[in-house]
Amino acid sequence: MYTNMGKMDRLLRLIIGAGFLFLPFGVSQAYLGSGVIYLAALLVGGILVLTSVFGICPLYSLLGFSTKRES
């Protein structure tokens, strides 16, 4: 399977994505405002975690970009 993300890129996306996924559960609604921000945080976090797990970034593919080292 072709991957276009390097190890550091995947690790950073996983950490940041997990933070976004758990943000709605750890922060009071008074700080985040409406439910739209909760859903946006879950969506962004889910996308970051999934791209990290599979190692494929669709945006990188469209732009012809890769952070993976050639071995």
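Structure: above.
Residues numbered from 1 in each chain as written. Predicted model: local features only at pLDDT ≥ 70, side-chain atom pairs only at ≥ 80, totals over all residues. Heavy atoms only, no water.

### Here we look at a nonpolar patch on the surface
Reasoning step 1: Residues Met8, Leu11, Leu12, Ile15, Ile16, Phe20 and Val44 make up a contiguous nonpolar surface patch of roughly 630 Å² in combined accessible area.
Reasoning step 2: Considering every element that reaches the nonpolar patch, the biggest residue donor is helix H1 (residues 7-26), with six residues.
Reasoning step 3: Mapped onto the elements, Leu11 comes out in helix H1. (Patch = residues over 30% accessible without salt bridge, like charges linked within 9 Å, V, L, I, M, F, W, Y side chains within 5 Å. Areas by Shrake-Rupley, 256 points an atom, 1.4 Å probe, with all protein chains shown as cover. Salt bridge = Lys/Arg side-chain N within 4 Å of Asp/Glu carboxyl O. Helix = DSSP H or I, 4+ residues; strand = E, 2+ residues; numbered from the N terminus.)

### A look at the side chain of Arg13
Reasoning step 1: One can find Arg13 in helix H1.
Reasoning step 2: Reaching out from Arg13, the side chain makes a polar contact with the side chain of Tyr60 at a distance of 3.5 Å.
Reasoning step 3: Dropping the residues within four chain positions of it, Arg13 is found in contact with Met5, Leu48, Val49, Thr51, Ser52, Cys57 and Tyr60. (Polar contact = N/O pair within 3.5 Å; in protein donor to acceptor, adjacent residues only side chain to side chain. Contact = heavy atoms within 4.5 Å.)

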